[in-house]
There are 2 protein chains.
Amino acid sequence: MLSRNRMLIRSLLSSSFPCTRNFSGTTPPPRKFLETGDTLRQTRIFTNEDVTEYSKASLDSNPLHFDSEFARNAGFEDRLVHGMLVAALFPRIIASHFPGAVYVSQSLHYKSPVYVGDAVVGEVQVTNIRKNKSRYIVKFLTKCFKNDKLLVIDGEAVAILPTLAEEKVNVVD
Amino acid sequence: MLSRNRMLIRSLLSSSFPCTRNFSGTTPPPRKFLETGDTLRQTRIFTNEDVTEYSKASLDSNPLHFDSEFARNAGFEDRLVHGMLVAALFPRIIASHFPGAVYVSQSLHYKSPVYVGDAVVGEVQVTNIRKNKSRYIVKFLTKCFKNDKLLVIDGEAVAILPTLAEEKVNVVD
């Protein structure tokens, strides 16, 4: 199985990658290039509709996400946002700056619950960049916070990026 | 931060847990109790609608999930199902058998791509059970396969279960 994974990564690394923007005929705007130590951040407030939509997509029917009384009896303040929906901030942040990014791995340690209405800040910080043929294997520390400094999720991710040139992102949730 | 996590887990472990079924007045049906070595499995075929719905919930706009030509130019056979959507099989399997399960951690190693229409088998195998007060801290090996034996995702999860008595689940996707 390991060799299959290596084959997949090798195949990805050796294939040509499509341009995500066509600047032909115009001068491309200056772009920031990703470096070790850089942090990318996005904030999201999770609504009732987000939880309902995610439940439909994931088919996850845990009553902790739907039943306030059940959640309170289980020791929480109210019903929870799905942990994997909160964690989805990480690939979203990476792919919005680097369209075509391919995820290799992600670890997730759930530290504090997220409730509907919480504003969660997701951040990915580059800890290592390794060039391989025409692509970049990038390692990130991945964290989510709420209420300013309360750690919600802690972990690491590895992704293959087609370029280190960042797309500018204007995120309005 | 670590102590906050320990406090959360301690608080969860010491709170009473709501019953998920009320059998009062009737004889409860015989139930299987989870043991080390047990494997729980569910299959899902990911459709276009699943990918669209998940994209709305996660706000992940990576063109690898929407643009077949982009995906093929990047070395894939076609556009990809989001890795985190595939990985959502794990908490779904656990929570469907153990409503009220609380996720502590999950690691994910993406080994092979999943395309729209692929039938993916998710399985979680118990490697350790530790009783703590009225709950159970359970460690699982978590794997997804497609085409019978092709490993798609490999990893581990830890969850807190309110009981080891399994809910019977009839899953029809």
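Details of the structure are given in the entry above.
What comes next concerns the included structure.

Scoring rules and cut-offs
- Residues numbered from 1 in each chain as written.
- Chains lettered and ligands numbered in written order.
- Predicted model: local features only at pLDDT ≥ 70, side-chain atom pairs only at ≥ 80, totals over all residues.
- Buried ≥ 20, exposed ≤ 12 C-beta atoms within 10 Å, placed from the backbone.
- Helix = DSSP H or I, 4+ residues; strand = E, 2+ residues; numbered from the N terminus.
- Arc of directions from axis to C-beta.
- Contact = placed C-beta atoms within 7 Å.
- Axes fitted to C-alpha atoms, helices over the stretch in contact; angles between N-to-C directions.
- Parallel < 35°, antiparallel > 145°, perpendicular 65-115°, else oblique.
- Left-handed = near helix turned anticlockwise from the far one by under 90°.
- Nonpolar A, V, L, I, M, F, W, Y, C, P; charged D, E, K, R; others polar.

This brings us to helix 2 (residues 48-58) of chain B. Looking at helix 2 of chain B, one finds that the buried residues are B:Asp50, B:Val51, B:Tyr54, B:Ala57 and B:Ser58. One side of helix 2 of chain B holds all its buried residues, which, seen down the axis, span an arc of 130°. Away from its buried face by more than 90 degrees, helix 2 of chain B exposes B:Asn48 and B:Glu49. Buried-residue contacts for helix 2 of chain B involve helix 2 (48-58), helix 4 (83-87) and helix 5 (89-97) of chain A together with helix 4 (83-87) of chain B. Once helix 2 of chain B finishes, B:Leu59 follows within two positions and takes phi at roughly 60°, a positive value.

Turning next to helix 5 of chain A. Think of an α-helix as turning once every 3.6 residues; residues three or four places apart then point the same way. Among the 9 residues that make up helix 5 of chain A, 9 are buried, leaving the element largely enclosed by the rest of the structure. Three or more residues of helix 5 of chain A are buried, namely A:Leu89, A:Phe90, A:Pro91, A:Arg92, A:Ile93, A:Ile94, A:Ala95, A:Ser96 and A:His97.

Take the packing of helix 2 of chain A against helix 2 of chain B next. Between helix 2 of chain A and helix 2 of chain B, the shortest axis-to-axis distance is 8 Å and the interhelical angle comes to 155°. Regarding the angle of helix 2 of chain A to helix 2 of chain B, the classification is roughly antiparallel. Considering only the axes of helix 2 of chain A and helix 2 of chain B, their crossing is left-handed. Contacts between helix 2 of chain A and helix 2 of chain B involve A:Asp50, A:Glu53, A:Tyr54, A:Lys56 and A:Ala57 from the former and B:Asp50, B:Glu53, B:Tyr54, B:Lys56 and B:Ala57 from the latter. Across the contact of helix 2 of chain A with helix 2 of chain B, the residue classes tally to 4 nonpolar, no polar and 6 charged.

These values are about where atoms sit, not about what they do.
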